[in-house]
Amino acid sequence: SNLSASCWSRLHPANMFNSYNVKFHHRKALTSPYPGSHVERSQVPEDKVGWLTEWEDYNPVEYTAKSVLARPNWADPQINDEGFSPKFNERDGEVERKSLNGLYVVENGRPRNPVGRTGLTGRGLLGRWGPNHAADPVVTRWKRDGSGNKVAHPVSGKNILQFVAIKRRDCGEWAIPGGMVDPGEKITATLKREFEEEALNSLQKSPEEKAKLEKQLQKLFSQEHFVVYRGYVDDPRNTDNAWMETEAVNYHDETGETMDNLPLEAGDDAGVVKWVDISEKLELYASHSYFIKLVTEKQGAHWSEDPGSDCHE
């Protein structure tokens, strides 16, 4: 990487929650109406997001989507339901209720969003009380010309990196093809499974086609990889009692040989899937632009036409 040591230490996952807290705050987690509904959040001024700021008149709206209350297998019961006594801040059977950012407060039996108020209580569209764990595979390759040479950006002079992006069906925004970690599932398995389902449409393939895809992907997903980010995500679905956390991991195909032979095909939650050139002009879902920026810095790839922007907060 071309980054200076001081710049890298600030971006490194171990230090990221603090800088993340400052950088992201709650923006997308304060938007109204709440996704998939007409529910308006209570307005939270920026200086009252943090729980340490007293706010006696705080009166958030309570909302949990009907699809969650219907109790699909990925959703918890309501807090007061008989026989439901979740073990917060620990592994609860097959369900991981530990946060990637350390201990969170539980108040009146409900976990409290570690970053602050969102103007909405309940779970919204999220299945779990507390952290809802996801995995985001950032699959990259270098942009190449017809002769197979890497393409450099005319202004920055740095090589252009591409990543596999999906257009989400639910909101129409471009995103990393990630998804939720199943109970008991290892994160490495989630990363590979979600990429297969969303970017290769593996759920619709025959067993033979699926086996062939598996074999090709194995090489990419078993090589050395880079953990881009682990922790809280500023997501429009977050509430005061339920929030998204993710582990974003970069799998880089240096030669392009592995991914060139894989037919991208949108599946599951994706409407469209394609290779996208990475730059700061990209507008992506939730905090995905931030994850992508960290990947370009790690790979020494093009991000901005402004030469001084590489290490800005």
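Residues numbered from 1 in each chain as written. Predicted model: local features only at pLDDT ≥ 70, side-chain atom pairs only at ≥ 80, totals over all residues. Heavy atoms only, no water.

1. Some thoughts on helix α7 (residues 288-299)
Along its 12 residues, α7 runs 17 Å from first to last C-alpha, staying within 8% of the 16 Å computed at 1.5 Å per residue. Among the 12 residues in α7, 9 count as buried, and that is most of the element. Among all positions in α7, only His288, Tyr290, Phe291, Ile292, Lys293, Leu294, Val295, Thr296 and Glu297 are buried. Looking at the residues trailing α7, positive phi occurs at Gly300, about 65°. (Helix = DSSP H or I, 4+ residues; strand = E, 2+ residues; numbered from the N terminus. Expected span 1.5 Å × (residues − 1). Buried < 20%, exposed > 50% of the residue type's maximum accessible area, 1.4 Å probe, protein only.)

2. Observations regarding the environment of His133
With respect to the helices, strands and loops of the structure, His133 is situated in strand β7 (residues 130-142). In this structure His133 comes out as buried when scored by relative accessible area, which is 14%. Excluding residues within four positions of it along the chain, His133 makes contact with Glu96, Lys98, Leu100, Met180, Val181 and Glu245. Within the structure, the side chain of His133 is placed 3.4 Å from the backbone oxygen of Glu96, a separation counted as a polar contact. (Contact = heavy atoms within 4.5 Å. Polar contact = N/O pair within 3.5 Å; in protein donor to acceptor, adjacent residues only side chain to side chain.)

3. A closer look at the nonpolar core
Core analysis: the biggest nonpolar cluster contains 56 residues, and Val139, Phe163 and Phe195 have the highest contact counts within it. Ranked by residue count, the leading element in this core is strand β12 (residues 242-253), at 6 residues. In contact with Phe195, other than residues within four places in its own chain, are Pro137, Val139, Val164, Pro177, Leu200, Leu217, Phe221 and Met259. Core analysis: the second largest hydrophobic core is formed by 7 residues, Tyr34, Tyr63, Ala65 and Ala75 among them. (Core = buried A, V, L, I, M, F, W, Y, C linked by side-chain atoms within 4.5 Å.)

4. Regarding the environment of Val115
Inspection of the secondary structure assignment puts Val115 in the loop between β5 (110-111) and β6 (120-124). Under the relative-accessibility criterion, Val115 is labelled buried at 9%. Placed 64 residues apart in sequence, Val115 and Trp51 show a C-alpha to C-alpha distance of 8.1 Å.

5. Things to note about the pattern of salt bridges
Pairing between side chains becomes possible if they bear opposite charge and their charged atoms approach one another. This structure, assessed with the given rule, holds 21 salt bridges. A salt bridge links Lys293 to Glu297, with the nearest nitrogen and oxygen atoms 3.0 Å apart. Pair noted here: Lys293 and Glu297 are both in helix α7, with a separation of 4 residues, about one helical turn. The two residues Lys293 and Glu297 agree in class, both being buried. (Salt bridge = Lys/Arg side-chain N within 4 Å of Asp/Glu carboxyl O.)

6. Some thoughts on the packing of aromatic side chains
The relative placement of two aromatic rings is captured by the distance of their centres and the angle of their planes. Under the criterion given, the structure shown has 8 aromatic pairs. Taken together, a centroid distance of 5.5 Å and an interplanar angle of 65° make the contact between Tyr34 and Tyr63 edge-to-face. Here Tyr63 lies in strand β1 (residues 61-64) and Tyr34 lies in the loop between α2 (16-24) and β1, a separation of 29 residues in the sequence. Neither Tyr34 nor Tyr63 differs from the other in exposure class; each is buried. Ring geometry for Phe195 and Phe221: centres 5.9 Å apart, planes at 50°, overall tilted. Taken together, the residues Phe195 in helix α4 (residues 187-199) and Phe221 in helix α5 (residues 207-222) connect sequence positions 26 residues apart. Pairwise contacts between aromatic rings join Trp51, Trp55 and Tyr58 into one cluster. A cation over a ring is seen here: Lys48 above Trp55, with NZ or CZ 5.8 Å from the ring centre. (Phe/Tyr/Trp six-rings, centres within 6.5 Å; stacked < 30°, edge-to-face > 60°. Lys NZ or Arg CZ within 6 Å of the ring centre and 35° of its normal.)

7. Quick notes on the environment of Trp275
Structurally, the position occupied by Trp275 is in strand β13 (residues 270-277). C-alpha of Trp275 to C-alpha of Thr140: the two residues are 135 residues apart in sequence and 8.7 Å apart in space. Apart from the residues within four sequence positions on either side, Trp275 is in contact with Val139, Thr140, Arg141, Gln162, Phe163, Val164, Met259 and Leu264.

8. Some details on α5
In a regular helix each residue adds 1.5 Å, so 16 residues correspond to 22 Å; α5 covers 21 Å between its end C-alpha atoms and thus fits that length. At Gln216, α5 shows its maximal kink, close to 30°. Restricting attention to buried positions, one finds in α5 the residues Leu213, Leu217, Leu220 and Phe221. Summarising the contacts, the buried residues of α5 are in contact with β7, α4, β12 and α6 (257-260). (Bend = angle between axes of the 7 residues up to and from the residue.)

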